[in-house]
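Listed below are the residues making up each chain.
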Amino acid sequence: QVHLVESGGGLVQAGGSLSLSCAASGNRFSINYMGWYRQAPGKQRELVAQITSGGRTNYADSVKGRFTISGDNAKNTAYLQMNNLKPEDTAVYYCNARIRVTDYWGQGKQVTVSS
């Protein structure tokens, strides 16, 4: 049984930084890609950042230049460094991983950015 465990997030003032990590366990196969989606109240869930096992990254336009995703294949772990945070970044951030043909989801971590 695959589990994704998220850590990090929290509360910060605009312009500050937070980080997230997501660790997969119980997977018998390698991770194709891993990343985060976020959902703010009243808004659609959106892809924030994603990294493939080969190291290729994708970012939402709204976070380019501010967020950096990295991964450690050996540890089945991804990291998201979030800098220069803005109030509009406030959301619950859900880790997502694709393993073979199945998507798995973390429990979500709150990121709150005050103005």
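Residues numbered from 1 in each chain as written. Predicted model: local features only at pLDDT ≥ 70, side-chain atom pairs only at ≥ 80, totals over all residues. Heavy atoms only, no water.

Caption draft 1: Seen up close, unusual backbone geometry. In this model, asparagine 84 sits at a positive phi of 45°, which is unusual for a non-glycine residue. Mapped onto the secondary structure, asparagine 84 falls in the loop between strand E8 (77–82) and strand E9 (91–99). A relative accessible area of 42% places asparagine 84 in the partly exposed class. The residue arginine 100 is not glycine, and still its phi comes out positive at about 55°. Here arginine 100 is to be found in the loop between E9 and strand E10 (102–105). (Helix = DSSP H or I, 4+ residues; strand = E, 2+ residues; numbered from the N terminus. Buried < 20%, exposed > 50% of the residue type's maximum accessible area, 1.4 Å probe, protein only.)

Caption draft 2: Quick look at the side chain of glutamine 50. The topology assignment puts glutamine 50 in strand E5 (residues 46–52). Take glutamine 50: its relative accessible area is 12%, and that puts it in the buried class. Sequence-distant contacts of glutamine 50, that is, excluding residues within four places in its chain, are made with Tyr33, Met34, Gly35, Arg56, Thr57, Asn58, Ile69 and Asn96. (Contact = heavy atoms within 4.5 Å.)

Caption draft 3: Local environment of the sheet that holds E8. Taking strand neighbours across the sheet as the criterion, the 4 strands line up as E1-E3-E8-E7 in an open arrangement whose pairing is antiparallel. In this open sheet, the two edge strands, each paired with only one partner strand, are strand E1 (3–8) and strand E7 (67–72). Taking the axes of each pair of neighbouring strands and ignoring which way they run, one obtains an average angle of 15° across the sheet. As paired strands, E7 and E8 are joined by 6 bridges and run antiparallel to one another. (Pairing = 2+ DSSP bridges. Axes fitted to C-alpha atoms, helices over the stretch in contact; angles between N-to-C directions.)

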